[in-house]
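Listed here are the chains, written in short residue letters.
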Amino acid sequence: MDRTVFLNHLQALPEMLLLAGTCAVMLVDVYSKDERRRVTYYAAHALLLLCFVSTLFVLRESEGQRSLLFHGLFVSDALGHVLKLMSYVAVAAALVYSRQYLQDRALFRGEFVTLLLFSLLGMMVMISAASFLTLFLGLELMSLCLYALVALNRDSALATEAAMKYFVLGALSSGLLLYGMSMIYGATGTLNIYEVAGHVARLSTSGSDRTFLVFGLVFLVAGLAFKVGVAPFHMWIPDVYHGAPIAVTLIVGSAPKLAAFAMAVRLLVNGMLDLAQDWQQMLALLAVLSMAIGNIAAIAQSNLKRMLAYSTIAHMGFMLLGLLSGVVEGNALNAPEAYSGALFYMLVYVLMSLGAFGMMLFLSRAGFECENLDDMKGLNRTHPWYAFIMLLVMFSLAGIPPTAGFYAKLSVLSAAVNAGQVWLAVTAVVLSLVGAFYYLRIVKLMYFDEPKESHAVNARGSFRVALSANGLAMLVFGLLPQPLMALCLVAIHGLF
Amino acid sequence: MSLPLLSLSIWVPIVAGLAVLATGRNEGNARGAAAARWVAIAGALVGFLVTIPLYTGFAAHSAEFQFEEKLVWIARFNIHYHLGVDGISLLFVLLNSFVTILVVIAGWSVIDSRVGQYYGAFLIMSGLLNGVFAALDAALFYVFFEATLIPMFIIIGVWGGPNRVYAAVKFFLYTLFGSLLMLVAMLYLYNKSGGSFAITDWHKLPLALDVQTLLFFGFLFAFAVKVPMWPVHTWLPDAHTEAPTGGSVVLAAILLKLGAYGFVRFSLPILPDASRELAWLMIGLSLVAIAYIGLVTLVQTDMKRLIAYSSVSHMGFVTLGFFIFNAYGVEGGLVQMISHGFVSAALFLCVGVMYDRMHTRMIGDYGGVVNTMPKFASFMMLFAMANAGLPATSGFVGEFMVIMGAMKAHFWLAFVAATTLITGAAYTLWMYKRVIFGAVANAHVGALKDLNPREFAVLAALAAAVLFMGVYPLPFTEVMHASVNELLKHVATAKH
């Protein structure tokens, strides 16, 4: 009996390994000098690899079955494993991409690595949260690390301001989320999301209880919207993206989105599927607003980071189309397809985001930040291969086949059309046409214009290989999207 | 087991294009450029050769799809890699592969910057275009349809004229807008048909008239922009004028055919009732294109713009033919498409020949070219006559058949359509007179050199095609009879 309990808890092995490993990395780092910093760097990679392997192991052993651990605080299921695997990839890519950039700016310190790893731990806790409590703990662990990372460059007023904004707005949104959770707790008397679901199913039939639940739900959705970054709760994104060092922007713009997605799925789908009618309407509003504001505001940007910030908002709005198309007139038959479309969208988006910010890091060097649109001018003249990689990323963001971004759009739009939301789908495609314009502008700058900068690049081999693989992934998943789609479907099926 | 000919016709040019990109990578390296040219011509020739057995092995009496290949591609969405040609699409695959050879030869010594990328883009586009014509799965069709935008965007933007960026972006956004609406329409059909993207399944799908009407407009935007039909034709003159010669040739000869092809493959058979209900609209727009754009063409001062507008007018014939629903009309439209592929390609090449020598496209800068370039003048005479629809040239056959068909439908339709015989002759011959005849206009014209063997070969090949098709159109029409009759039977049957 004890043995099975022990083995069962091994499902949290990746988290345990990461926690222990990060503490060890932190200690090692304290005693290593700047010139030995690469030990920390490689240790972090080794740790990520270990987590990757152990997650695969858990996935294999559990066969994607859901199990609750630690008295119902922690859930281990296929969705969690998939999101965690992708988070490791994103964090490892972030490490590879940002190494040279941070070294050039004397920011390659131990804090960076440990904060990054702890924020990853926070994300993993969020992803696997089965209770409001663990969800909130994970969220705070992740957010606090990210606030500190944004302020990593202490001498930059812009970065400090961005960190402050991020912190204040982040704290506000956490407050909203917590308030919503407390309302739901008040109504249902439990913190466990799966138990909440049972109570919601019972309570949502009576009018007064339902009003109470929906009241809490509004706060939950508002808090979620902050974290995912959709309009009208998007104000922090452009400023934080702009103010943070590019390496940190890359981090903020990739893996945390996966955790936020997990949070949305856990709270809304696992916890409140019976209130779907209510939250789907809220999400529809958020989605349309985000796509409109994100795409239109992005056109006016001359700063690449801000442009990508608005593009994120638009993409998250698009992703919501998948989440809000699951339940049609109380019928959740098509829900797995819809949610797996949204999951596919998230995974592809994270890859695209990594590629775009990775290219900015690639072109930055000591004393030069590649962050304006004009810095991309004539890249095809100086580095045709990397111009091609960026071209793939941009067309993928614009959703043009045969890139992965197209299938992301296809999955989500198909879910919306299936749910009878044809006009929402038409709105989405019209707004994504607006979006295509600014992605095209990057291609135009790279291919049609003469170079302004010399584009001297001093990137390491590992960076070159990773970035090329990242860009080509757009094409590979564009030509053969089936395996990833099937994986997403399996992950979502595990929820029901 | 026979060879997968259609796959070869798609993938040979694409692989050759990638090989060209690899060989011509070194900028400013004459040997790299030469290698790129030879690889490109080899790829184009092999690409054409593999399409010949399609024609020789085609069973002309059958309306079935032939040379079918079917593999599961994306199981999640039930998307198949499903290829096949019938009498309607067969000729376009051949035409496209043929024109690709001419484009490669035409750019031989003219393109001297980024040669590898130039030929790579053309060959990849050629493969993608074959894919559009051969696809029997709507999602596959869409992927090819959209993917052609990327190389064309690059071709116009990189090697185009002074205003190329504007033209490239306009081209891309215009066509993307249309195709995004088509995507929603396709997703709706996918949903209605219970999860199938097979075009032949959609042919059988019963649909209510109001649904058909909405879907018809969804497809209409995509195809009308591509054709282009009045009033969404305005991107075409810009794109043509700014594109390099090869770009204009492919644009006129093949890309414009995608829209018209879309009507016969999707709109007519899938939405027959809406097509009949809205025929008045389509016929009206076509007549405006024929009559009004014909007049607009008269006043053009730029030769490429003139041919571009004349293309709009000629494509009006095609759409007119399709929507009068008789065999003369539809076959005439298809013949007109092929013929226009030859004639417009030839005229753009002629303008290219002059532009390479004089670096101007304005009619006013020329005059008396016949004195210095007699061989060229004879070729251009032939193509001008074909454009005006002179009997014994290919231009006559299609126009005559469409006018016959229109006569069967209604006298006044035929009357308005026949005005093109006057305006078409007027604008083409008037341009010809001003450019070719008269006294030598200036010293530049006096110094012109006649065709070199390379140019001679290209124009001679097209001249042979134009004359052959004009004198003996049977080989072209006999393969389409069965398919066209099947199509008309389909259109005549109500679906709702």
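It should be emphasised that the depicted structure is a prediction, and the values quoted were computed from it without experimental measurement. (Residues numbered from 1 in each chain as written. Chains lettered and ligands numbered in written order. Predicted model: local features only at pLDDT ≥ 70, side-chain atom pairs only at ≥ 80, totals over all residues.)

Section: the overall build of chain A
And step 1. If you tally the helices and strands in chain A, you get 21 helices and two strands.
And step 2. Taking 23 Å as the expected radius of gyration for a compact globule of 496 residues, we find that chain A reaches 22 Å, a close match to that expectation.
And step 3. Seen through its C-alpha atoms, chain A measures out along the principal axes to roughly 65 × 55 × 40 Å.
And step 4. For chain A, the proportion of its 496 residues judged to be buried stands at 60%. (Helix = DSSP H or I, 4+ residues; strand = E, 2+ residues; numbered from the N terminus. Rg over C-alpha atoms; globule rule 2.2 N^0.38 Å. Buried ≥ 20, exposed ≤ 12 C-beta atoms within 10 Å, placed from the backbone.)

Some words on the overall build of chain B
And step 1. Each helix and strand in chain B was counted, giving 24 helices and two strands.
And step 2. Referenced to the eigenvectors of the C-alpha coordinate spread, the extents of chain B come out at roughly 70 × 55 × 40 Å.
And step 3. Counting all 496 residues of chain B, 62% fall into the buried class.
And step 4. Sequence-distant contacts in chain B: of pairs separated by 6 or more residues, those separated by 24 or more amount to 80%. (Contact = placed C-beta atoms within 7 Å.)

Some remarks on the environment of Leu479(A)
Residue and element names in this part refer to chain A.
And step 1. Here Leu479 lies in helix α20 (residues 461-479).
And step 2. Judged by the 15 C-beta atoms lying within 10 Å of it, Leu479 is partly exposed.
And step 3. Considered as a pair, Leu479 and Tyr407 are 72 residues apart in the sequence and their alpha carbons are 9.6 Å apart.

Considering the nonpolar core
And step 1. With 408 residues, the main nonpolar core has Met126(A), Val150(A), Met390(A), Val249(B), Ala345(B) and Ala346(B) as its most contacted residues.
And step 2. Ignoring sequence-local partners within four residues, the contact set of Ala345(B) consists of Val99(B), Leu102(B), Val249(B), Ala252(B), Ala253(B) and Leu462(B). (Core = buried A, V, L, I, M, F, W, Y, C linked by C-beta atoms within 7 Å.)

Some thoughts on the interface of chain B and chain A
And step 1. Contacts between the two partners involve 29 residues from chain B, matched on the other side by 26 residues from chain A.
And step 2. Elements supplying a minimum of two residues to the side of chain B that touches chain A: α6 (138-147), α7 (149-159) and α8 (164-192) of chain B.
And step 3. Tallying contributions element by element places α8(B) first for the side of chain B that touches chain A, with 15 residues.
And step 4. In terms of residue class, the side of chain B that touches chain A is built from 23 nonpolar, two polar and four charged. (Nonpolar A, V, L, I, M, F, W, Y, C, P; charged D, E, K, R; others polar.)

Some remarks on the packing of helix α2 (residues 13-30) of chain A against helix α5 (residues 110-127) of chain A
All names here are of chain A.
And step 1. In contact at an axis separation of 10 Å, α2 and α5 are set at 165° when each is read in the N-to-C sense. For the element pair α2 / α5, the angle class is roughly antiparallel. Handedness of the α2/α5 crossing: left-handed. Facing Pro14, Glu15, Leu18, Leu19, Thr22, Val25, Met26 and Asp29 of α2, the residues of α5 in contact are Gly110, Val113, Thr114, Leu117, Phe118, Leu120, Leu121, Met124 and Val125. (Axes fitted to C-alpha atoms, helices over the stretch in contact; angles between N-to-C directions. Parallel < 35°, antiparallel > 145°, perpendicular 65-115°, else oblique. Left-handed = near helix turned anticlockwise from the far one by under 90°.)

Section: the pairing of strand β2 (residues 79-85) of chain B
And step 1. Burial analysis of β2(B) places five of its seven residues in the buried class, which makes it a mostly covered element.
And step 2. Taking the residues that link successive antiparallel strands as the turn, the strand β1 (residues 66-74) of chain B-β2(B) hairpin has four residues, and the phi of Asn78(B) there is positive, at about 55°. (Pairing = 2+ DSSP bridges.)

Quick word on the environment of Phe468(B)
All names here are of chain B.
And step 1. Note that Phe468 resides in helix α22 (residues 453-471).
And step 2. With 14 C-beta atoms counted inside 10 Å, the residue Phe468 sits in the partly exposed group.
And step 3. Residues Phe468 and Ala392, spaced 76 residues apart in sequence, show a C-alpha to C-alpha distance of 8.4 Å.

Remarks on α6(B)
Residues and elements named next belong to chain B.
And step 1. The buried fraction of α6 amounts to ten of the ten residues, a majority that puts the element mostly inside the structure.
And step 2. Every buried residue of α6 is listed here: Ala138, Ala139, Leu140, Phe141, Tyr142, Val143, Phe144, Phe145, Glu146 and Ala147.
And step 3. Elements that come into contact with the buried residues of α6 comprise β2, α5 (115-134), α7, α8, α9 (199-204) and α12 (245-270).

Digging into the confidence of the model for chain B
Residues and elements named next belong to chain B.
And step 1. Confidence in the prediction for chain B averages 86 pLDDT; 98% of positions are at 70 or higher.
And step 2. When mean pLDDT is compared element by element in chain B, α6 scores highest at 91, while helix α21 (residues 443-446) scores lowest at 80.
And step 3. Overall fold confidence (pTM) sits at 0.91, and the ipTM for the predicted complex is 0.87. (pLDDT = per-residue confidence, 0-100.)

Some details on helix α18 (residues 404-418) of chain A
And step 1. Helix length check: α18(A) (15 residues) gives 21 Å between terminal C-alpha atoms against 21 Å at 1.5 Å per residue, within 8%.
And step 2. Gly420(A) sits one or two positions beyond α18(A) and adopts a positive phi of about 80°. (Expected span 1.5 Å × (residues − 1).)

Observations concerning the confidence of the model for chain A
And step 1. Averaged over all residues, the pLDDT of chain A is 89; the fraction at 70 or higher stands at 99%.
And step 2. The weakest mean pLDDT in chain A belongs to helix α1 (residues 2-9) of chain A at 72; the strongest belongs to helix α6 (residues 132-150) of chain A at 93.

What about the packing of helix α8 (residues 193-203) of chain A against helix α12 (residues 255-272) of chain A?
All names here are of chain A.
And step 1. Remark: α8 packs on α12, axes separated minimally by 7 Å, with the N-to-C direction vectors making an angle of 45°. Overall, the two elements α8 and α12 adopt an arrangement that is oblique. On α12, the residues that touch Ile193, Tyr194, Val196, Ala197 and Val200 of α8 are Arg266, Asn270, Gly271 and Met272.
And step 2. Its residues assigned to classes, the contact of α8 with α12 shows six nonpolar, two polar and one charged.

Observations regarding the pairing of β1(B)
And step 1. Sheet topology note: the β1(B)/β2(B) ladder contains six bridges and is antiparallel. Paired with Gln66(B) across the strands is Val85(B), a residue of β2(B).

With respect to unusual backbone geometry
And step 1. Here the bond from Ala231(A) into Pro232(A) is cis, since omega is 0°, no more than 30 degrees from zero.
And step 2. Along the polypeptide, Pro232(A) turns up in the loop between α9 (207-228) and α10 (236-243).
And step 3. Here the bond from Trp230(B) into Pro231(B) is cis, since omega is 5°, no more than 30 degrees from zero.
And step 4. Phi is positive for Ala106(A), which is not a glycine, with a value near 55°.

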